[in-house]
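Fold and contact review
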Amino acid sequence: MAFGRWLAGAGLVVLTGAVVGVYGGSPAFGGEGRAAVPVVEPQSGPVPATEAQPPGGARAVPARQETAGAEPVLSGKRRVTIVRVGAFESGLALLDGGRLAEVDDDRGRQVFVPTPLGSGEFLIKAYYGGGTGQPVCWQVRNPGNSRPLFVRGAACRAGDPAQRFVIAPAPAGGPREYLISNRWAYLRDSARSGLILEELGDAPPVSSFRFNDTGPAPRRK
């Protein structure tokens, strides 16, 4: 009887080990046949949120941050002008029938209202002059043929991912200096193509932008 009980106990140990192997120890494989990260036991206490990686392994730099309400210029209640840090006597303008550009005159829409959507994402509404008329919103455009992404104006649609921009403080930047991105592509200046959006991989962002408060936002209609 003792020998029989020993065999039953050994069988239970083997069965338990098999269950652990199925749910905790055996690697899972993705569509390309690579072993996934092993299962990790949950940690006690809150776990910081992380951003999913884009296709190809490029990482978001830096991680998205919840900034709405941290600064008045990001509250949706103030209008701003936006200037690239390091630009010489030029600011951002959404040109009529065209794209976002840097100008040193009064062309296009140069008044912007970053309107929070939550999770650090914003609609960036563009107005003429002191904030008159109906706004249009920044929207990412992919021209194809391996040409870089750029920003153009479009009717505002909060549910359109191409219009949901992340605005996060620039690392080591000054007051109201931000990085602007959309789905891991960061707004930057290109000597060849002007303002473009580009996935950075492991490289640091090369352009940051200063938001200058110019007064109350236009009343919402």
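Structure first, text after, so check above.
Quick notes on the rules
- Residues numbered from 1 in each chain as written.
- Predicted model: local features only at pLDDT ≥ 70, side-chain atom pairs only at ≥ 80, totals over all residues.
- Heavy atoms only, no water.
- Helix = DSSP H or I, 4+ residues; strand = E, 2+ residues; numbered from the N terminus.
- Contact = heavy atoms within 4.5 Å.
- Areas by Shrake-Rupley, 256 points an atom, 1.4 Å probe, with all protein chains shown as cover.
- Core = buried A, V, L, I, M, F, W, Y, C linked by side-chain atoms within 4.5 Å.
- Buried < 20%, exposed > 50% of the residue type's maximum accessible area, 1.4 Å probe, protein only.
- Pairing = 2+ DSSP bridges.
- Salt bridge = Lys/Arg side-chain N within 4 Å of Asp/Glu carboxyl O.

Considerations on the overall build of the protein chain
When you go through the protein chain residue by residue, the secondary structure sums to 1 helix and 12 strands. When the helices and strands of the protein chain are placed in sequence order, the string is α-β-β-β-β-β-β-β-β-β-β-β-β. A sequence separation of at least 24 residues applies to 53% of the contacts in the protein chain between residues at least 6 apart. Summed over all atoms, the accessible surface of the protein chain reaches about 13,300 Å², with 56% contributed by carbon and sulfur.

Focus on the nonpolar core
Within the largest apolar cluster, 25 residues are counted, with the highest numbers of intra-cluster contacts made by Leu92, Leu100, Phe112, Trp138, Leu187 and Phe211. The element contributing the most residues to this core is strand β5 (residues 121-128), with 3 residues.

A short note on the pairing of strand β9 (residues 177-182)
Judged by how many residues are buried, β9 sits mostly within the fold: 6 of 6 residues are covered. The alternating pattern of β9 places Glu177, Leu179 and Ser181 and Tyr178, Ile180 and Asn182 on opposite faces, both of which are buried. As paired strands, strand β8 (residues 165-169) and β9 are joined by 4 bridges and run antiparallel to one another. Bridging across to β9, Ala168 finds its partner in Leu179. Pairing geometry for β9 and strand β12 (residues 209-216), over 2 bridges, is antiparallel. The partner of Tyr178 across the bridge, within β12, is Phe209. Alignment of β9 against strand β10 (residues 185-190), held across 2 bridges, turns out to be antiparallel. By the bridge assignment for β10, Asn182 is matched with Ala185.

Some points on unusual backbone geometry
A positive phi angle is found at Glu89, which is not glycine, with a value near 50°. Among the structural elements, Glu89 can be located in the loop between β1 (78-84) and β2 (91-94). Although it is not a glycine, Arg176 sits at a positive phi angle of roughly 60°. The residue Arg176 is located in the loop between β8 and β9 in this model. The class of Arg176 is partly exposed, set by a relative accessible area of 36%.

Focus on the pairing of β12
Moving residue by residue along a regular strand, the side chains alternate between the two faces of the sheet. Here β1 pairs with β12 via 7 bridges, running antiparallel. Bridging from a neighbouring strand, Val80 pairs with Asp213 of β12.

A word on the environment of Cys156
For Cys156, the position within the fold is in the loop between β7 (150-154) and β8. For Cys156, the residues in contact, after removing those within four places along its chain, are Lys125, Pro135, Val136, Cys137 and Gln163.

Looking at the pattern of salt bridges
When their charged atoms lie close together, side chains carrying opposite charge are able to pair. By the definition in use, this model includes 8 salt bridges. Salt-bridge contacts for Asp189 lead to Arg84; the nearest nitrogen and oxygen are separated by 3.9 Å. In this pair, Asp189 sits in strand β10 while Arg84 sits in strand β1, placing the two residues 105 residues apart along the sequence. We classify Asp189 as partly exposed; its relative accessible area is 24%. A salt bridge links Arg107 to Asp105; the nearest nitrogen and oxygen atoms lie 3.0 Å apart. Residue classification places Arg107 among the partly exposed positions, given a relative accessible area of 42%. By relative accessible area, Asp105 is classed as partly exposed at 34%. Members of the salt-bridge network, linked through shared partners, are Arg84, Glu102 and Asp189.

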